[in-house]
Amino acid sequence: MKDKVQRLLARLQEVEELLGHPETLSDQKRYRELTQEHSQISELKEVWERFQSAGKQLDENRALLPSEQDAEMVVLLKDEILRLEIEMEASKKQIEILLVPPDPRDSRNIILELRAGTGGDEAALFVGDCIRMYQYYANKKGWKFEILSSSESEVGGYKEYIMSLSGHNVFRLMQYEAGTHRVQRVPDTETQGRVHTSAITVAVLVEPAEDEKVEIDERDLKIDTYRASGAGGQHVNRTDSAVRITHLPTGTVVACQEERSQHKNKDKAMRLLTSRIAEEIRRKAHQEMSAARLSQVGSGDRSERIRTYNFSQNRVTDHRIDLTLYKLDRVMEGELDDLTIPLVNHFYQQMLQS
């Protein structure tokens, strides 16, 4: 890690010189690229200096501890050592993510689709747990989330839940959540204490940027309105506010009933439709680089999985990088960096090798 950081910091002065050249200023595309690179390396430099400073203080405190006689001072030193260890670990995670070069899509808005697969009610409940996990993670990262569509199950979970996430590095960190997530736990309804296995699927779609907006002909759309079901009070029983849109050329169907206004529901449904069609266009244009939406989510069968959540052992395993963590309770509270950052690093290295 140190060698990689030193190489990038050596590049910082070179980038600063290039930004001062008149020919760079006249080439706006080149100027934007260099500005982005300068921003990334400057952030890396700041975090690296913080990491080194904490490491130096940590060494000094550890050296002082064995010879310290004052009991109160010993407690203070131990507290400071713990604080510095936490700070170093946090800085290390930041450095690891900054060492992967930026991608133009890193901070693009995404649409996250979660669906219950094998396992019936238990799968629907786990969809609800994962929604909470991702929303906690979004809060920690300062991202915004917005519900686009949902379908509740009878037991309190969700058969389907679709939300948008926006913020710094949201696509960078969330892109590898796509796939089948398997859960192993004893359901509340299980009287004999047996562990059940069920599965949910997650799809990650990038919302189209302004320069790649998908043109959709209104004549290709079949728009139906209907009375919303589920939670929402008396209002939903009086108006046909829910909207279902079918894109006739592709057969893509989206629906939204979250808002009281039919107009707002139509807007959200169109965002979802546009993102799905854009993903299909990207897939066809870059077959070897971009996986199909169906290959992201698979069939929702237990055997197809990217990650397993075992509650009785407090264990979460990501099968793609053979990573196991024994802190599932914290992961479900939104502490996902220990999974998302190693995935970003792994797939970047894989891309370099290929």
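Computed from a prediction, not measured in an experiment: that's the story for all the values here.

1. A short note on the overall build of the chain
Piece 1. Scanning the chain from terminus to terminus reveals 10 helices and 11 strands.
Piece 2. For the chain, with 354 residues in total, the buried portion stands at 42%.
Piece 3. Expressed as a percentage of contacts within the chain between residues at least 6 apart in sequence, the contacts between residues at least 24 apart total 62%.
Piece 4. With the model as given, the accessible surface of the chain reaches about 19,400 Å², and the carbon-plus-sulfur share is 49%.

2. Describing the pairing of strand E1 (residues 110-116)
Piece 1. Of all 7 residues in E1, 5 are buried, a share of seventy percent or more.
Piece 2. In this structure, E1 lies alongside strand E3 (residues 158-166), joined through 6 bridges in antiparallel fashion. In the sheet register, Ile111 faces E3, and the bridge partner there is Ser164.
Piece 3. In this structure, E1 lies alongside strand E5 (residues 196-206), joined through 7 bridges in antiparallel fashion.

3. A few points about the packing of helix H4 (residues 71-98) against helix H10 (residues 337-353)
Piece 1. Here H4 crosses H10 at 30°, and the two axes come no closer than 9 Å. By the angle between their axes, H4 is roughly parallel relative to H10. Here the hand of the crossing between H4 and H10 comes out left-handed. Of H10, the residues touching H4 (which contributes Lys93, Glu96 and Ile97) are Asp337, Asp338, Ile341, Val344 and Asn345.

4. A short note on the nonpolar core
Piece 1. Within the largest apolar cluster, 55 residues are counted, with the highest numbers of intra-cluster contacts made by Leu112, Leu114, Tyr134 and Met174.
Piece 2. Tallying contributions element by element places helix H5 (residues 121-141) first for this core, with 9 residues.
Piece 3. In this view, Leu112 contacts Tyr134, Tyr161, Ile162, Met163, Leu165, Met174, Val202, Ala203 and Val204; residues no more than four positions away in its chain are not counted.

5. Regarding H4
Piece 1. Taking 1.5 Å per residue, 28 residues should reach 40 Å; H4 reaches 41 Å between its end C-alpha atoms and fits that length.
Piece 2. Those residues of H4 that fall on the buried side of the exposure criterion are Val74, Leu77, Ile81, Leu84, Met88, Ser91, Ile95, Ile97 and Leu98.
Piece 3. Buried residues in H4 make contact with helix H1 (2-19), helix H3 (28-64), helix H6 (170-174) and H10.
Piece 4. Regarding H4, its N-cap is Asp70, as a side-chain oxygen of that residue lies 2.9 Å from the backbone nitrogen of Glu72 further along.

6. Focus on the sheet that holds E5
Piece 1. Taken in spatial order, the 8 strands line up as E2-E3-E1-E5-E4-E9-E10-E11 in an open sheet, and their pairing is mixed. The outermost strands of the open sheet, each flanked by one partner alone, are strand E2 (144-152) and strand E11 (323-325). Averaged over all pairs of adjacent strands, the angle between their axes in this sheet comes to 15°, without regard to strand direction.
Piece 2. In terms of strand pairing, E2 meets E3 through 8 bridges, oriented antiparallel. Directly across from Glu152, in E3, lies its bridge partner Tyr158.

7. Observations concerning the pattern of salt bridges
Piece 1. Counted according to the given criterion, the structure contains 29 salt bridges.
Piece 2. The partner of Glu14 in a salt bridge is Arg11, with the nearest N and O atoms 2.7 Å apart. Of the two residues, Glu14 and Arg11 are both situated in helix H1; the distance of 3 residues between them amounts to about one turn of the helix.
Piece 3. Residue classification places Glu14 among the partly exposed positions, given a relative accessible area of 41%.

8. Remarks on the sheet that holds strand E8 (residues 252-256)
Piece 1. Ordered by their spatial adjacency, 3 strands build an open sheet running E6-E7-E8, and the pairing between neighbours is antiparallel. Single-partner strands in this sheet number two, and they are strand E6 (221-226) and E8. Across the sheet, the mean angle separating the axes of adjacent strands is 15° when strand polarity is ignored.

9. Regarding the side chain of Arg172
Piece 1. Tracing the backbone shows Arg172 in helix H6.
Piece 2. With a relative accessible area of 5%, Arg172 lands in the buried category.
Piece 3. At a separation of 2.5 Å, a polar atom in the side chain of Arg172 contacts the main-chain carbonyl oxygen of Ile97.
Piece 4. Sequence-distant contacts of Arg172, that is, excluding residues within four places in its chain, are made with Ile97, Val100, Pro101, Pro102, Asp103, Asp106 and Val344.

10. Details of H1
Piece 1. Its 18 residues give H1 an end-to-end C-alpha distance of 26 Å, which sits within 8% of 26 Å, the value for a rise of 1.5 Å per residue.
Piece 2. Residues of H1 that are buried: Val5, Leu12, Val15 and Leu19.

11. Description of the packing of H1 against H3
Piece 1. Two numbers describe how H1 lies on H3: the axes approach to 9 Å, and their chain directions differ by 135°. Relative to H3, H1 is oriented oblique. Regarding H1 and H3, the two cross each other, and that crossing is left-handed. Between H1 and H3, the contacting residues are Lys2, Val5, Gln6, Leu8, Leu9, Arg11, Leu12, Val15, Glu16, Leu18 and Leu19 on the first element and Arg30, Tyr31, Leu34, Thr35, Glu37, His38, Ile41, Ser42, Leu44, Lys45 and Trp48 on the second.
Piece 2. Residues that form the contact of H1 with H3 fall into these classes: 12 nonpolar, 4 polar and 6 charged.

What counts, and at which threshold
- Residues numbered from 1 in each chain as written.
- Predicted model: local features only at pLDDT ≥ 70, side-chain atom pairs only at ≥ 80, totals over all residues.
- Heavy atoms only, no water.
- Helix = DSSP H or I, 4+ residues; strand = E, 2+ residues; numbered from the N terminus.
- Buried < 20%, exposed > 50% of the residue type's maximum accessible area, 1.4 Å probe, protein only.
- Contact = heavy atoms within 4.5 Å.
- Areas by Shrake-Rupley, 256 points an atom, 1.4 Å probe, with all protein chains shown as cover.
- Pairing = 2+ DSSP bridges.
- Axes fitted to C-alpha atoms, helices over the stretch in contact; angles between N-to-C directions.
- Parallel < 35°, antiparallel > 145°, perpendicular 65-115°, else oblique.
- Left-handed = near helix turned anticlockwise from the far one by under 90°.
- Core = buried A, V, L, I, M, F, W, Y, C linked by side-chain atoms within 4.5 Å.
- Expected span 1.5 Å × (residues − 1).
- Polar contact = N/O pair within 3.5 Å; in protein donor to acceptor, adjacent residues only side chain to side chain.
- Salt bridge = Lys/Arg side-chain N within 4 Å of Asp/Glu carboxyl O.
- Nonpolar A, V, L, I, M, F, W, Y, C, P; charged D, E, K, R; others polar.

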